[in-house]
Amino acid sequence: MMIHLLSRSCFAADAQLHCGGKIMNVVIGKNGLTDVKQEGDHATPIGIFPLRKVYYRADRVIKPQTILQVEPLAPQDGWCDDPAHPDYNCSVRLPHPARHEQLWREDGVYDLIVVMGYNDNPVVPGRGSAIFMHLQRPDRTPTEGCLALTETDLRAVLAAGADAVHIHAPG
């Protein structure tokens with residue numbers, strides 16, 4: 001099932017995720033939506049992306065119900081965001097020699113993560129990495145390019161059988 005992200009403008013705090021008949025508020029990148037995503041631009045890419053895999057912190061949250069592959073996170077899990085490294089935009093084990101994100105975080109934002117199939121087939125260095133659906137911060141601050149939902153809403157999306165997301169250009 002395809003879910004849809006709609007926004008009235010490129011720099012929207014009014015982005016909504018449509019899943020079946022439910023409409024959910026979603027937080028997007030600090031610099032809004034873009035169809036020319038670049039590493040570090042803090043923008044959310046426009047396009048249609050498959051949902052690849054789900055990670056979760058088994059020490060904090062229960063395993064989600066989903067049709068996607070699910071794997072518990074470990075403290076050694078990371079994601080390479082170094083465009084100069086061959087592991088760019090791939091999951092890695094820590095320690096890792098290149099620049100990376102640690103997926104095992106204290107702030108709870110990555111307690112539930114859905115890997116979006118952005119820039120992964122093929123990977124193009126510099127076009128953006130680590131684009132996930134994950135949990136919102138309590139103050140709903142913008143992401144670095146990901147989609148952030150409440151835990152209740154993200155679990156509802158997964159339970160509904162979502163396997164792709166269409167991030168629409170504003171209109």
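Right above here is the structure, for reference.
Anyway, here's the lowdown on the structure attached to this text. (Residues numbered from 1 in each chain as written. Predicted model: local features only at pLDDT ≥ 70, side-chain atom pairs only at ≥ 80, totals over all residues. Heavy atoms only, no water.)

**Quick word on the overall build of the protein chain**
Okay, step 1: Within the protein chain, the secondary structure is distributed over one helix and 14 strands.
Okay, step 2: A compact globule built from 171 residues should have a C-alpha radius of gyration of about 16 Å, and the protein chain, at 15 Å, falls within 12% of that.
Okay, step 3: Counting only C-alpha atoms, the protein chain reaches 45 × 35 × 30 Å along its principal axes.
Okay, step 4: The buried share of the protein chain, reckoned over its 171 residues, is 50%.
Okay, step 5: Pairs at least 24 apart in sequence give 59% of the contacts found in the protein chain among residues at least 6 apart.
Okay, step 6: Here the protein chain displays about 8,000 Å² of accessible surface, and carbon together with sulfur accounts for 53% of that area. (Helix = DSSP H or I, 4+ residues; strand = E, 2+ residues; numbered from the N terminus. Rg over C-alpha atoms; globule rule 2.2 N^0.38 Å. Buried < 20%, exposed > 50% of the residue type's maximum accessible area, 1.4 Å probe, protein only. Contact = heavy atoms within 4.5 Å. Areas by Shrake-Rupley, 256 points an atom, 1.4 Å probe, with all protein chains shown as cover.)

**So, the state of the cysteines**
Okay, step 1: For the structure shown, the criterion picks out zero disulfides.
Okay, step 2: Residue cysteine 19 stays outside any disulfide, its sulfur separated by 19 Å from that of cysteine 146, the closest cysteine.
Okay, step 3: No disulfide involves cysteine 146; its sulfur sits 15 Å from that of cysteine 80, the nearest cysteine. (Disulfide = S-S within 2.5 Å.)

**Details of the nonpolar core**
Okay, step 1: Core analysis: the biggest nonpolar cluster contains 30 residues, and Leu5, Leu17, Met116, Met133, Leu147 and Val165 have the highest contact counts within it.
Okay, step 2: The element contributing the most residues to this core is strand S6 (residues 47-56), with four residues.
Okay, step 3: Aside from chain neighbours lying at most four places away, what touches leucine 17 is Ile3, His4, Leu5, Lys22, Ile23, Met24, Val26, Met133, Leu149, Val157 and Val165.
Okay, step 4: The next biggest cluster of nonpolar side chains, apart from the first, holds twelve residues, and it includes Tyr55, Ala130, Phe132 and Cys146. (Core = buried A, V, L, I, M, F, W, Y, C linked by side-chain atoms within 4.5 Å.)

**A closer look at unusual backbone geometry**
Okay, step 1: Look at the link from leucine 94 to proline 95: it is a cis peptide, with omega at 0°.
Okay, step 2: Proline 122 follows asparagine 121 through a cis peptide bond whose omega is 5°.
Okay, step 3: When you line up the elements, proline 122 lands in the loop between strand S11 (112-116) and strand S12 (132-135).
Okay, step 4: Unlike most non-glycine residues, asparagine 119 shows phi in positive territory, near 50°.
Okay, step 5: Take asparagine 119: it is sitting in the loop between S11 and S12.
Okay, step 6: With a relative accessible area of 10%, asparagine 119 lands in the buried category.
Okay, step 7: In this structure, alanine 130 takes a positive phi of about 55° despite not being glycine.
Okay, step 8: With respect to the helices, strands and loops of the structure, alanine 130 is situated in the loop between S11 and S12.

**Some words on the side chain of aspartate 82**
Okay, step 1: In this fold, aspartate 82 is placed in the loop between strand S8 (77-80) and strand S9 (91-93).
Okay, step 2: There is no salt bridge for the buried aspartate 82, and the closest opposite charge comes from arginine 99, which lies 5.3 Å off by N-O distance.
Okay, step 3: From its side chain, aspartate 82 meets the backbone nitrogen of alanine 84 in a polar contact 3.0 Å long.
Okay, step 4: In this structure, aspartate 82 is in contact with Tyr88, Ala98 and Arg99, ignoring residues within four places of it in sequence. (Lys, Arg positive; Asp, Glu negative; His and termini not counted. Salt bridge = Lys/Arg side-chain N within 4 Å of Asp/Glu carboxyl O. Polar contact = N/O pair within 3.5 Å; in protein donor to acceptor, adjacent residues only side chain to side chain.)

**A word on the environment of alanine 84**
Okay, step 1: Inspection of the secondary structure puts alanine 84 in the loop between S8 and S9.
Okay, step 2: Taking the relative accessible area as the measure of exposure, alanine 84 reaches 75% and is therefore exposed.
Okay, step 3: For the pair alanine 84 and arginine 99, spaced 15 residues apart in sequence, the C-alpha to C-alpha distance is 9.4 Å.

**What to know about the side chain of lysine 37**
Okay, step 1: Within the secondary structure, lysine 37 sits in the loop between strand S4 (33-34) and strand S5 (44-45).
Okay, step 2: For lysine 37, a relative accessible area of 3% corresponds to the buried category.
Okay, step 3: Polar side-chain contacts of lysine 37 include one of 2.5 Å to the side chain of aspartate 41.
Okay, step 4: Engagement of the side chain of lysine 37 in a polar contact is seen with the backbone oxygen of alanine 43, the distance being 2.9 Å.

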